[in-house]
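Structural characterization, general
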Amino acid sequence: SFPTRRSADLYAYTGPDESHLLAPEAFVVAVSPDGSRVLAMVGMRTLEVISVADASIVDSLSLDNVSTGSGPTRLPHVVLYNGSWRGDRIVANSDRGLVVLNVRGGLHVESVFATPEFPHGISEPAFVDDTHVEGWADLAHPHASPQNVDEPSYDNALVSCDLAVGSCTVGAANPAREWARWITNPSR
């Protein structure tokens, strides 16, 4: 029951009626802190770091058949939008859990934290500092919707994860259809 990926052409706008194509059939996973690059999911299973200024591909990572020195890495099939980029690291939700990518020395998967207790993973993960991430998640055990005319409803909660130890704590549950979110201002 993981959300399906939707994409369109990805453009950068430099002024009124001034734009250029960054990538076809793509969506933004995260934007670099200085706004000069985007990490985009392009096509079916490719991540690309793209320069916003000229649409050049700075780096890419195929999510097919990648292995490390210790054997195959269980890479996600899809990395989702609304991730966070801090320094050389990017965190995002994926079909395998919370994925941490790193651009230092070439785009690569640093780690994947399985999140089986959250049916849709951790949404909108955001770095709080170098090793802590906050996001929100639907909790297990959905409720039937009124008169069974809609999808099931999930209670949700804010989630805090410590990447250094690989664990997450879950805040108080919010009733289904009442979403709790925090407000961030990256310009400050």
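Heads up: these notes are all about the structure in this document. (Residues numbered from 1 in each chain as written. Predicted model: local features only at pLDDT ≥ 70, side-chain atom pairs only at ≥ 80, totals over all residues. Heavy atoms only, no water.)

Some thoughts on the sheet that holds strand β4 (residues 46–51)
Pairing in this open sheet of 5 strands is antiparallel, and the strands run β1-β2-β3-β4-β5 from one edge to the other. What marks the edges here is a single partner per strand, and that holds for β1 (8–15) and β5 (57–62). In this sheet, neighbouring strand axes are inclined to one another by 45 degrees on average, regardless of whether the strands run parallel or antiparallel. Pairing analysis gives 6 bridges linking strand β3 (residues 37–42) to β4, with the strands arranged antiparallel. The partner of M41 across the bridge, within β4, is L47. (Pairing = 2+ DSSP bridges. Helix = DSSP H or I, 4+ residues; strand = E, 2+ residues; numbered from the N terminus. Axes fitted to C-alpha atoms, helices over the stretch in contact; angles between N-to-C directions.)

Structural notes on the environment of A176
Position of A176 relative to the elements: it lies in the segment after β15 (167–170). Residues A176 and A157, spaced 19 residues apart in sequence, show a C-alpha to C-alpha distance of 9.9 Å. Those residues within four positions of A176 in sequence are excluded, and the remaining contacts are H143, S153, Y154 and D155. (Contact = heavy atoms within 4.5 Å.)

A few points about a nonpolar patch on the surface
On the surface, Y11, Y13 and L21 cluster together into a nonpolar patch covering about 340 Å² of accessible area. As for its position among the elements, Y11 is in strand β1. Owing to a relative accessible area of 37%, Y11 belongs among the partly exposed residues under this scheme. (Patch = residues over 30% accessible without salt bridge, like charges linked within 9 Å, V, L, I, M, F, W, Y side chains within 5 Å. Areas by Shrake-Rupley, 256 points an atom, 1.4 Å probe, with all protein chains shown as cover. Salt bridge = Lys/Arg side-chain N within 4 Å of Asp/Glu carboxyl O. Buried < 20%, exposed > 50% of the residue type's maximum accessible area, 1.4 Å probe, protein only.)

Let's talk about unusual backbone geometry
Residues other than glycine seldom take positive phi values, yet A55 does so here, at roughly 65 degrees. Summarising the element assignment, A55 is placed in the loop between β4 and β5. Of note in this structure, N82 is not a glycine but carries a positive phi near 65 degrees. In this structure, N82 sits in the loop between β7 (71–72) and β8 (84–86). A residue is classified by how much of its surface remains accessible, and N82, at 39% relative accessible area, is partly exposed.

Description of the state of the cysteines
Within the structure shown, the criterion is met by 1 disulfide. The partner cysteine of C161 in its disulfide is C168, sulfur to sulfur 2.1 Å. Between C161 and C168 the disulfide shows an S-S torsion of about 105 degrees. By sign, it is right-handed. By relative accessible area, which is 30% here, C168 ends up partly exposed. (Disulfide = S-S within 2.5 Å.)

Side note on the pattern of salt bridges
Summed over all chains, the structure comprises 4 salt bridges. We note a salt bridge from D130 to R86, for which the minimum N-O separation is 2.8 Å. Of this pair, D130 sits in the loop between β12 (123–127) and β13 (132–138) while R86 sits in strand β8, and the two are 44 residues apart along the sequence.

Things to note about the side chain of S94
Inspection of the secondary structure assignment puts S94 in strand β9 (residues 89–94). Given the relative accessible area of 1%, S94 is considered buried. A distance of 3.1 Å separates the side chain of S94 from the backbone nitrogen of R96, its partner in a polar contact. (Polar contact = N/O pair within 3.5 Å; in protein donor to acceptor, adjacent residues only side chain to side chain.)

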